[in-house]
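Chain by chain, the residues run as shown.
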Amino acid sequence: MTKSNSGVPLQVVLRFDALTCAVMGVLLVGASGWIAGLTALPGELLVWAGLALFPVAVFMGVFAFAGQVPVWASSLVVAGNLLWVLASLLLPLTGLIAPNVLGWAFLLAQAVVVLCFTWLEWKAARPQPVIAQPLA
């Protein structure tokens, strides 16, 4: 496993992130009409967002069980998560979608969760500093 600065191995964080991506994908695809009705978020957007999460979950899952996570893979996960958070905020702020209060709560809650995963993955992926041993 990849050693980390956070105390939690990167692979463990990736497993949970992959699991939440898969569960969220199933919810967004399977309950898009119901969620759209409650949140005033476009149903098609929810379906496509859910479908996009499945390959992301597979990608994270592959590296969650790897012996070492390549820097490019952890960087891609962190960047992708940051883009997800940015899109979650910019779509309503620019008026491209018009969620109601529950829609805003839904968008903000999932953005906060993704941001937490992003921070944990970034922290876990950072190389540990080498501590010099005193000469004996």
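Residues numbered from 1 in each chain as written. Predicted model: local features only at pLDDT ≥ 70, side-chain atom pairs only at ≥ 80, totals over all residues. Heavy atoms only, no water.

### Brief notes about the packing of aromatic side chains
Aromatic rings in a pair are described by how distant their centres are and how their planes are angled relative to each other. Scanning all chains against the criterion turns up three aromatic pairs. Ring geometry for Phe-63 against Trp-72: centres 5.6 Å apart, planes inclined by 90 degrees, an arrangement best described as edge-to-face. Three or more aromatic residues joined by ring pairs form one cluster here, namely Phe-59, Phe-63 and Trp-72. (Phe/Tyr/Trp six-rings, centres within 6.5 Å; stacked < 30°, edge-to-face > 60°.)

### Concerning the UniProt feature "transmembrane region" (unreviewed entry) in the chain
If you check UniProt for "transmembrane region" (unreviewed entry), the listed places come out as residues 12-35, 47-66, 73-95 and 101-120 in our numbering. As a span, residues 47-66 carries 90% helix and 0% strand, and end to end its C-alpha atoms are 30 Å apart. Split by type, residues 101-120 is 100% helix and 0% strand. Its first and last C-alpha atoms lie 29 Å apart. (UniProt positions renumbered as here; feature names shortened; annotations may be inferred. Helix = DSSP H or I, 4+ residues; strand = E, 2+ residues; numbered from the N terminus.)

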